[in-house]
Amino acid sequence: MPKAYAYTRYGGPETETFVDAERPVPGPGQILVAVRAAGVNPVDWKLRAGFFRRPGDTGEPDSPRVFGNEAAGVVEQTGEGVTGFAAGDAVFGNTVSGGYAEYALLPAAVTAHLPEELSFADAAVLPVAAATAYDGLRQLDLPAGATLLVTGAGGGVGVAVVQIARAFGLRVVGTASEAKKDFVEDLGATHVVAGPDLAARVRAAAPQGVDGVYDLVGGDVLQEVAALLDDRSRLISAAARQEVERLGGAPVARARTTAVLDEVARLVVRGDLSPWVTRTYPLERAGEALRAVEEGHTRGKVVIEVGA
């Protein structure tokens, strides 16, 4: 039986386990993929912890839920209505059935062909962080030469935002811890130390002001940096949907299309975007991979590799 790594109820790491999973059957608009690599993201453990349950929902998952929202692999089978993909194609995209597994279902509408220049590991980390970064920057639509403030610039999405923004011709000011100063500057951003009185340090780093804010932190940080903008239509957040709307901004609007995945892959091929895969684990050590991300001890992206 194919193996998958899942959680059986909401809670901590004790809810995680390997399960025998039936090989999925692709439905209309879906693709069955033999997984070669799966990206590990904070949203994975947050789903397990129950962060995204609706208010009043005290129930548990109906069945084990496989971790993972992005994967790359080889097409095994296509569902009804799928065109442009065939068995044997190398692809990457968002998942329907979870990526920490030997087989996964991907929606054809959010799946792209893997360029020859990209490895499965590099492609596997693009659908969540890089695509979110790209969508938000297109939403802001700042002109070349404008100054963008990125809060949380040293995190998974922030790293992609900084790089893509630079490729779009923007000047970037990025907030991050002192420990990530060199890392953020290597990405091409002006580093500002996160912490109290952040707005004053941003003003010092960008005396002409900032033209847009891409928030990845929320909370007090979002509240403080919002005051740097006269035009709140240039304020977006991927961390605090309701809060950013109260401040006159907007949450990041995800496109979730093949076209976006194609574009972020082209950015990687051109050398404008590095996936920053820094650690890989075999599927048998999926729990360790998730712990590394959950405990915040990683810099760059973590990938689970599945048998070739």
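I will try to describe carefully the structure that is included in this document.

What counts and how
- Residues numbered from 1 in each chain as written.
- Predicted model: local features only at pLDDT ≥ 70, side-chain atom pairs only at ≥ 80, totals over all residues.
- Heavy atoms only, no water.
- Helix = DSSP H or I, 4+ residues; strand = E, 2+ residues; numbered from the N terminus.
- Rg over C-alpha atoms; globule rule 2.2 N^0.38 Å.
- Buried < 20%, exposed > 50% of the residue type's maximum accessible area, 1.4 Å probe, protein only.
- Contact = heavy atoms within 4.5 Å.
- Areas by Shrake-Rupley, 256 points an atom, 1.4 Å probe, with all protein chains shown as cover.
- Lys, Arg positive; Asp, Glu negative; His and termini not counted.
- Charge placed at Lys NZ, Arg CZ, Asp CG, Glu CD.
- Pairing = 2+ DSSP bridges.
- Salt bridge = Lys/Arg side-chain N within 4 Å of Asp/Glu carboxyl O.
- Phe/Tyr/Trp six-rings, centres within 6.5 Å; stacked < 30°, edge-to-face > 60°.
- Core = buried A, V, L, I, M, F, W, Y, C linked by side-chain atoms within 4.5 Å.
- Axes fitted to C-alpha atoms, helices over the stretch in contact; angles between N-to-C directions.
- Parallel < 35°, antiparallel > 145°, perpendicular 65-115°, else oblique.
- Left-handed = near helix turned anticlockwise from the far one by under 90°.
- Nonpolar A, V, L, I, M, F, W, Y, C, P; charged D, E, K, R; others polar.

### Topic: the overall build of the protein chain
Scanning the protein chain from terminus to terminus reveals 10 helices and 16 strands. For the protein chain, the C-alpha radius of gyration of 19 Å lies close to 19 Å, the compact-globule estimate for 308 residues. Across its three principal axes, the protein chain shows a C-alpha extent of roughly 60 × 45 × 35 Å. Within the protein chain, the proportion of its 308 residues that are buried is 50%. For the protein chain, the share of sequence-separated contacts (at least 6 apart) that also reach a separation of at least 24 residues comes to 66%. Summing over all exposed atoms, the protein chain offers an accessible surface of approximately 13500 Å²; the carbon and sulfur share of this is 48%. On the protein chain, the mean spot of the 29 positive side-chain charges and the mean spot of the 39 negative ones are 3 Å from each other.

### A closer look at the sheet that holds strand 14 (residues 250–251)
Sheet architecture is open: 6 strands sit in the order 11-10-9-12-13-14, paired in parallel fashion. Strands at the two margins of the open sheet, each flanked by one partner only, are strand 11 (190–193) and strand 14. Across 2 bridges, the pairing between strand 13 (residues 235–237) and strand 14 is parallel. What sits directly across from Ile 236, in strand 14, is Ala 250.

### Describing the sheet that holds strand 4 (residues 65–66)
With antiparallel pairing, the 3 strands of this open sheet are ordered in space as 2-1-4. Looking at which strands have only one partner, the edges of the open sheet turn out to be strand 2 (16–20) and strand 4. Summarising the sheet, strand 1 (residues 3–7) and strand 2 pair through 5 bridges and their orientation is antiparallel. Bridging across to strand 2, Ala 4 finds its partner in Val 19.

### Overview of the pattern of salt bridges
Applying the stated criterion across every chain yields a total of 12 salt bridges. Arg 291 serves as the salt-bridge partner of Glu 16, at 2.5 Å between the closest nitrogen and oxygen. A residue pair is termed long-range when its members are at least 10 positions apart, and Glu 16 in strand 2 and Arg 291 in helix 10 (residues 286–294) qualify at 275 residues. For the salt bridge of Arg 266 with Glu 263, the shortest nitrogen-to-oxygen distance reads 3.0 Å. Residue Arg 266 and its partner Glu 263 are located together in helix 9 (residues 258–270), separated by 3 residues, close to a single helical turn. Classification of Glu 263 as buried rests on a relative accessible area of 15%. Among the charged side chains, a salt-bridge network with shared partners connects Glu 16, Arg 48, Arg 291 and Glu 294.

### Concerning the packing of aromatic side chains
Considering all chains together, one arrives at 8 aromatic pairs under this definition. Centre to centre, the rings of Tyr 7 and Tyr 10 are 6.2 Å apart; their planes meet at 40°, and the pair counts as tilted. Within the aromatic cluster, the residues linked to one another by ring pairs are Tyr 5, Tyr 7, Tyr 10, Phe 18, Phe 67 and Tyr 100.

### Some details on the nonpolar core
The biggest cluster of nonpolar side chains holds 47 residues, and the ones touching the most others in it are Phe 92, Leu 126, Leu 137, Leu 148, Tyr 214 and Leu 273. Among the secondary structure elements, those contributing two or more residues to this core are helix 2 (120–124), helix 3 (126–140), strand 9 (147–150), helix 4 (156–167), strand 10 (171–176), helix 5 (181–186) and helix 9. Filtering out sequence-adjacent residues up to four positions away, Leu 273 remains in contact with Leu 126, Ala 130, Ala 160, Gln 163, Ile 164, Val 264, Leu 267 and Val 268. Tyr 7, Ala 38, Trp 45 and Leu 106 belong to the second largest nonpolar core, which has 29 residues in total.

### Things to note about the packing of helix 3 against helix 4
Between helix 3 and helix 4, the shortest axis-to-axis distance is 8 Å and the interhelical angle comes to 50°. Considering their axes alone, helix 3 and helix 4 lie oblique with respect to each other. Considering how the two elements wind past one another, helix 3 and helix 4 form a crossing that is right-handed. Where helix 3 approaches helix 4, its residues Ala 129, Ala 130, Thr 132, Ala 133, Tyr 134 and Leu 137 are matched on the opposing element by Gly 156, Val 157, Ala 160, Val 161, Ile 164 and Ala 165. For the contact of helix 3 with helix 4, the residue count by class is 10 nonpolar, 2 polar and no charged.

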